[in-house]
Amino acid sequence: MTSIRLTNTRTRSKELFEPLDASNVRMYVCGPTVYDRAHLGNARPVIVFDTLFRLLRHVFGADHVTYVRNFTDVDDKINARAAELRAAGDARPLEEIIRDLTDCTIEWYHADMDALGALRPTQEPRATEWIGAMIAMIEQLVAGGHAYERDGHVLFRVRSYREYGRLSGRSVDDMIAGARVEIAPFKEDPLDFVLWKPSSDDLPGWNSPWGRGRPGWHIECSAMAHELLGDSFDIHGGGIDLQFPHHENEIAQSRCAHPEGGFARYWMHNEMLQVEGRKMSKSLGNFFTVRDLLDQGVPGEVIRLVFLQTHYSRPMDWTAEKARAAEAVLRRWHSLVDDIEPAPEPAPEVVAALADDLNTAGAIAELHALANAGQAALLKSSARLMGLLTQDRPDWLAPKVDLAPLAQRLAEMRRKAMETKDFSEVDRMKSALVAAGVEVRMSRAGVELVPGPDFDAGKLQDLA
RNA sequence: GGCGGGUUGGCGGAGAGGUUACGCAGCGGAUUGCAAAUCCGUGUAGACCGGUUCGAUUCCGGUACCCGCCUCCA
């Protein structure tokens, strides 16, 4: 069996991956807060962990991997957006606006991530459907002395978890010295974080032992991971920005609530996305969504290939030039594998590259090698392992049109021109074809016309 | 201020303590009426300074610069 090696953030080293149960490999990845379209940065963990999911399914079997990715549908950003909508004239009750907003955003998210070739996770729990599990976990933490109630809030007592800060390499004392933590009067310690907070009547809330309220952000992942994957599971993933405090807090909660379990054994973090060399942010004006790119005609498959060209542990720069180059590569590969039956197994070199800490760039180099060697069937099966070339002649490629009559006419014109030495007619037709986005291939053997990236059937009307 | 990541040829971007990454672009050639496409060939790379070593771009230490997280945005 292929042995997989993964860089474990927890130990800061590349380790052999050995699942607790090879018949059920379990992975949890932090999903989106659903209040708006996913931006391009949101796509990175999706593509990275989808690739890992595919690799795990390949190695352990498609039915032996459980991949859980949550939807955070209770959050103050959602409440704020809903309040905006109401202020803008939406007369429905807040809860209804929120349900509609989150439902709609989840639909968008699915559509956008599907376009990137990402498989749906095995389970996609919504936080609001697991409030009971969260309350139960908080009760356990309170009972165990790891949490305390203050002014309707329940707070996690960071000092009660000795290893707090280990994942992110921080010490509690250093962080307090850094003083960039919210000071709230009801906290015993500035680093203590909220497990439960009270909701006023105009906010969503659930009844709890501490009154009507809503969960803090971190508890949902702990509760849902526990319910769906157990006390101990294999992989926990997410963006590096979540390492602290989110994942640190998850660990503290989970380990304290279920000391018998080890929570996640391998922690994986993807580095951040940049755009044209700068952080993507609204203030820099380089902020855009996956849907924006798709609408501009950048195919999801192209986005995926660009992402996979950079190792997940490195910052990745999105540039228009990369998208252009990736599209050219995919065009070539598609023309090579169309109508070819994929090989039963992917190439061992590609699997080996992926198994080496998800070396997607190395795997792509192997795909190039297969393409150069004319190994179309292996190229297809190997690319598919990475979620590429999954579709024959996808929509974004030029439609298959019959240009044979035009080719014949051009061939005839050329034959005559060869005799008369007057190529002006031939050149005129050739430029017209090129203007319509057709690639003109003339050789001794004959004339071949291939629709290119800018193919425009309308411009061919003049030639008919 | 605390923590973490990075610096590879014109550009993008990997692996490996000693032997071609790979892709794009460029250059030379084949081919072509001319092109395009295709094929063949082609690169003086490894921020800087030390150390370890027979040998380092690859390991260790330091310096510089860049980036991220700690703060609503992943």
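- Looking at an unreviewed UniProt entry, one finds chain A named Cysteine--tRNA ligase, with Albidovulum inexpectatum as its source organism.
- On record in UniProt, under Catalytic activity (unreviewed entry), the comment for chain A is "tRNA(Cys) + L-cysteine + ATP = L-cysteinyl-tRNA(Cys) + AMP + diphosphate".
- UniProt annotates chain A under Subunit (unreviewed entry) with the comment "Monomer."

### A word on the packing of aromatic side chains
Working step 1: Following the criterion strictly, the structure yields 9 aromatic pairs and no others.
Working step 2: Ring centres of phenylalanine 17 and phenylalanine 60 lie 6.1 Å apart, and the angle between their planes is 85°; this geometry places the pair in the edge-to-face category. Taken as a pair, phenylalanine 17 in the loop between β2 (13-16) and β3 (25-29) and phenylalanine 60 in helix α1 (residues 40-60) lie far apart in primary sequence, 43 residues in all.
Working step 3: Accessibility expressed as a relative area gives 5% for phenylalanine 17, which makes it buried.
Working step 4: According to the relative accessible area criterion, phenylalanine 60 is buried, its value standing at 11%.
Working step 5: Taking 5.6 Å as the distance between ring centres and 85° as the angle between the ring planes, the aromatic pair formed by phenylalanine 71 and tyrosine 109 counts as edge-to-face. Placement of the pair is phenylalanine 71 in the loop between β4 (65-69) and α2 (76-87) and tyrosine 109 in helix α3 (residues 94-115), with a sequence separation of 38 residues. No difference in accessibility class separates phenylalanine 71 from tyrosine 109, as the two residues are buried.
Working step 6: Sitting over the ring of phenylalanine 53, arginine 57 keeps its end group 5.0 Å from the ring centre.

### With respect to the domain arrangement of chain A
Working step 1: Segmentation of chain A into domains returns domain 1 (21-273), domain 2 (297-394) and domain 3 (399-463).
Working step 2: The C-alpha centroid of domain 3 is placed 58 Å from the C-alpha centroid of domain 1.

### Side note on the protein's contact with RNA strand B
Working step 1: Near RNA strand B lie 39 residues; those nearest to it are Lys77, Asp241, Lys430, Met442 and Arg444.
Working step 2: For RNA strand B, the backbone makes up 61% of the atoms found within 4 Å of the protein, where backbone means sugar plus phosphate.
Working step 3: Take histidine 39: an N or O atom from its side chain is 2.9 Å from a base nitrogen of RNA strand B.
Working step 4: Contact between RNA strand B and asparagine 372: a phosphate oxygen at 3.0 Å from a side-chain N or O atom of the residue.
Working step 5: Elements represented by at least two residues in the surface near RNA strand B include exactly α1, β11 (273-275), α10 (320-337), α12 (360-372), α14 (404-420), α15 (424-435) and β14 (438-443).

### What about the UniProt feature "binding site: ATP" (unreviewed entry) in chain A?
Working step 1: Mapped onto the present numbering, the UniProt feature "binding site: ATP" (unreviewed entry) falls on Lys282.
Working step 2: In this fold, lysine 282 is placed in the loop between β12 (278-279) and α8 (290-295).

### As for the nonpolar core
Working step 1: Grouped together as the largest cluster of nonpolar side chains are 73 residues, with contacts concentrated most on Leu40, Leu52, Leu56 and Trp318.
Working step 2: Looking at this core element by element, the count peaks at 12 residues for α1.
Working step 3: When residues of this core are assigned to domains, at least three map to each of domain 1 (21-273) and domain 2 (297-394).
Working step 4: Contacts of tryptophan 318, omitting those with residues within four sequence positions, involve Leu40, Leu273, Gln274, Val275, Glu276, Phe288, Leu293, Val298, Ile303, Val306, Phe307 and Ala323.
Working step 5: If you look at the next biggest cluster of nonpolar residues, it comprises 42 residues, including Cys30, Met137, Val154 and Leu195.

What counts, and at which threshold
- In every chain, residue numbers begin from 1 and rise along the written sequence.
- Lettering for chains starts from A, numbering for ligands starts from 1, and both go in the order in which the items are written.
- This being a predicted model, a pLDDT of at least 70 is required before a residue's local features are given, and a value of 80 or more before pairs of side-chain atoms are given or counted; all residues contribute to the totals for chains, interfaces and linings.
- Only hydrogens and water are set aside when side-chain values are computed; all heavy atoms of the structure are taken into account.
- UniProt positions are given in the numbering used here, feature names are shortened, and annotations may be inferred rather than shown by experiment.
- Only centres within 6.5 Å qualify two rings of Phe, Tyr or Trp (six-membered ring in Trp) as a pair; their planes then separate them into stacked at under 30 degrees, edge-to-face at over 60, and tilted for everything else.
- Note on conventions: DSSP H or I runs of at least 4 residues are helices, E runs of at least 2 residues are strands, and numbering of each starts at the N terminus.
- Accessibility here uses a 1.4 Å probe with only protein chains present; expressed as a share of the type maximum, an area under 20% marks a residue as buried, one over 50% as exposed, and anything in between as partly exposed.
- Throughout this description, the term charge over a ring refers to an Arg CZ or Lys NZ atom that lies within 6 Å of the ring centre and within 35 degrees of the ring normal.
- The start and end points of each domain follow an automatic or database-based domain assignment.
- Near, as used in this document, describes a residue that has one of its heavy atoms within 4 Å of the molecule or strand being considered.
- Between N or O atoms, a polar contact is any pair within 3.5 Å; within protein, one atom must be a potential hydrogen donor and the other a potential acceptor, and residues adjacent in sequence are included only when both atoms are from side chains.
- Residues enter a nonpolar core if they are buried and are Ala, Val, Leu, Ile, Met, Phe, Trp, Tyr or Cys, with the set joined through side-chain atoms within 4.5 Å.
- Two residues qualify as a contact provided that any one of their heavy atoms is within 4.5 Å of a heavy atom in the partner residue.

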